[in-house]
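Architecture and fold: a report
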Amino acid sequence: LGRMKPVIVVHGGAGRIFKEREEGCRAGVVRAALRGYALLKQGGSAVDAVEEAVRSMEDDPHFNAGCGSVLNEKGEVEMDAIIMDGKNLDSGAVSAVKCIANPIKLARLVMEKTKHLLLTDHGAHLFAQAMGIPEIPGEKLITERSRERWKKNLEPDSNPEEFQKDLGTVGAVAIDSEGNVACATSTGGLSNKMIGRVGDTACIGSGGYADNCSGATSTTGHGESIMKVVLARLILYHMEQGMSPEVAADTALDYMKTRVGGLGGVIVVNKAGEWAARFSTKQMSWATVKDDNLHYGIYAGEKHIKSVDEALASEREGF
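Residues numbered from 1 in each chain as written. Predicted model: local features only at pLDDT ≥ 70, side-chain atom pairs only at ≥ 80, totals over all residues. Heavy atoms only, no water.

Some remarks on the sheet that holds strand 11 (residues 283-290)
Overall, mixed pairing links the 9 strands, which are arranged 4-3-2-6-5-1-11-12-13 in an open sheet. Of all the strands in the sheet, the pair left with one neighbour each is strand 4 (118-120) and strand 13 (304-307). Averaged over all pairs of adjacent strands, the angle between their axes in this sheet comes to 10°, without regard to strand direction. Relative to strand 6 (residues 181-187), strand 2 (residues 79-85) runs antiparallel, the two being bridged by 6 bridges. By the bridge assignment, Asp-80 is partnered in strand 6 with Thr-187. (Pairing = 2+ DSSP bridges. Helix = DSSP H or I, 4+ residues; strand = E, 2+ residues; numbered from the N terminus. Axes fitted to C-alpha atoms, helices over the stretch in contact; angles between N-to-C directions.)

Next comes the structure, spelled out in structure tokens:
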């Protein structure tokens, strides 16, 4: 049995990344990819790797997930997350959760400790307590930037739609040395969204999907559009029809744009370990590690390549 070469791909959200945030976003996706890859190299599972990569981005205030999440209409953080194991199609998700640092950890516990796939709001909160997940004050998750943006969107002449272009879901997909695939996605959702709004992230097949028979994908972008076309599953369907990850991703994103006018981005890995990071928005921060080489970028057509050793060295010196 030939062992697979492990691969991890991460994204830090599709949309418009403001100049002053670019470096932080690049560094954040690179750090997440390196962390996930380190686990895979030690023989860790794809599920472990995607959870670790996403946790790393939830803890990074540059991204709209965990700390740094955008605020709902009432000025609170409500987060969604999903994780899926391609081996047996097990999945766990949480929606509209508050006051925890890492929703992706809770999603993993839903997958492993319950018979259910999705827990929401109060029920997810009770489950987190039962699992001993520490509660943190909601304010701890709120950054100055999120609050500023929320205030701006409250102004009578504001156009929250304009701001929605800066969407920052985070996600990861991986294949491990056993050939198992997994995906994980986490988000704070849309700025100034209605209380209780759940987007694509927590929905299996929309925010992510993983199946050893074809591959794994994690999505980002306009959640309602992604849900309408069930974007993650659509990409895997195209790969099942014989398309490469890149063509499958572009075809599905193109369909979403023409059919419902929605923009977004996706990361994909197929069962052979081929990967893609594609987007129809202006930008998407992404990073991949394969064959001990790190690839990363933000703009269309941009791709930097470094060896993992070189990348780890500059990590230690501060990016």
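Side note on the state of the cysteines
Scanning the model with the defined rule gives 0 disulfides in all. Of all cysteine sulfurs in the structure, the one in Cys-67 sits closest to Cys-25, which takes part in no disulfide; the separation is 14 Å. (Disulfide = S-S within 2.5 Å.)

What to know about the UniProt feature "binding site: substrate" (unreviewed entry) in the protein
Feature annotation in UniProt places "binding site: substrate" (unreviewed entry) on Arg-197, Val-198, Gly-199, Asp-200, Thr-220, Gly-221, His-222 and Gly-223, given in this structure's numbering. Mapped onto the elements, Asp-200 comes out in the loop between strand 6 and strand 7 (208-211). Apart from the residues lying within four places of it in its own chain, the contact partners of Asp-200 are Ser-206, Gly-207, Thr-219, Gly-223, Ile-226 and Met-227. Residue placement: Thr-220 occurs in strand 8 (residues 215-221). (UniProt positions renumbered as here; feature names shortened; annotations may be inferred. Contact = heavy atoms within 4.5 Å.)

As for the packing of helix 2 (residues 46-58) against helix 3 (residues 103-113)
Describing two packed helices takes the angle between their axes plus the distance from one axis to the other. Running from N to C, helix 2 and helix 3 point in directions that differ by 150°, and their axes come no closer than 8 Å. It follows from the interaxial angle that helix 2 and helix 3 lie roughly antiparallel. In contact with Val-47, Asp-48, Glu-51, Val-54, Arg-55 and Glu-58 of helix 2, helix 3 contributes Pro-103, Ile-104, Lys-105, Arg-108 and Met-111. Taken together, the residues of the contact of helix 2 with helix 3 sort by class into 5 nonpolar, no polar and 6 charged. (Parallel < 35°, antiparallel > 145°, perpendicular 65-115°, else oblique. Nonpolar A, V, L, I, M, F, W, Y, C, P; charged D, E, K, R; others polar.)

Observations regarding the UniProt feature "active site" (unreviewed entry) in the protein
The feature "active site" (unreviewed entry), as annotated in UniProt, sits at Thr-169 in this numbering. Relative to the helices and strands, Thr-169 resides in the loop between helix 6 (160-163) and strand 5 (170-175). In this structure Thr-169 touches His-11, Gly-12, Gly-13, Asn-64, Thr-185, Ser-186, Thr-187, Thr-201, Thr-219 and Thr-220, once residues within four positions along its chain are discounted.

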